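Examination of the molecular architecture
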Amino acid sequence: MLEEKWQQYKADGLQVFTLMGEGFNPGAPAEANELESWTDEGATFPILSDPLYENSKGYFNGEIALGATLLLAPGVKVRETSPVDLAGIEP
């Protein structure tokens, strides 16, 4: 569903990206081939490495779980955290 929203609203300025904190081996940063594996799942938005969640953990009070999602408002302010209701996203 995230890919659908990205396609629907990217021309209106919606930015979607995935920060991958770990690779397939827990505790190890993601390598290039692991980032690329997400595109095999159909993601066309950017997939970025965030080694061991150094950048994103601050948004989750240091508690990161797989599938964690943030909806950011303009100015990079957190609007919603997991679970985010993607069906309600409008420009």
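Our subject is the structure listed above.
Residues numbered from 1 in each chain as written. Predicted model: local features only at pLDDT ≥ 70, side-chain atom pairs only at ≥ 80, totals over all residues. Heavy atoms only, no water.

A few words now on the pairing of strand β3 (residues 70–73). Where β3 lies against strand β4 (residues 77–81), 4 bridges are found, and the strand directions are antiparallel. If you follow Leu-70 over to β4, its bridge partner there is Thr-81. Counting the residues that bridge the hairpin from β3 to β4 gives 3 residues, and of these Gly-75 lies at a positive phi of roughly 85°. (Pairing = 2+ DSSP bridges. Helix = DSSP H or I, 4+ residues; strand = E, 2+ residues; numbered from the N terminus.)

It is worth spelling out the nonpolar core at this point. With 8 residues, the main nonpolar core is built from Trp-6, Val-16, Met-20, Ala-30, Leu-35, Ala-43, Phe-45 and Ile-47. Among residues more than four places away in sequence, those in contact with Leu-35 are Met-20, Ala-30, Ile-47, Leu-48 and Ser-49. (Core = buried A, V, L, I, M, F, W, Y, C linked by side-chain atoms within 4.5 Å. Buried < 20%, exposed > 50% of the residue type's maximum accessible area, 1.4 Å probe, protein only. Contact = heavy atoms within 4.5 Å.)

Next up on the list: the environment of Thr-18. Take Thr-18: it is sitting in strand β1 (residues 18–20). Distance in space between the C-alpha atoms of Thr-18 and Ile-47 is 4.8 Å, their sequence separation being 29 residues. In this view, Thr-18 contacts Phe-45, Pro-46, Ile-47 and Leu-48; residues no more than four positions away in its chain are not counted.

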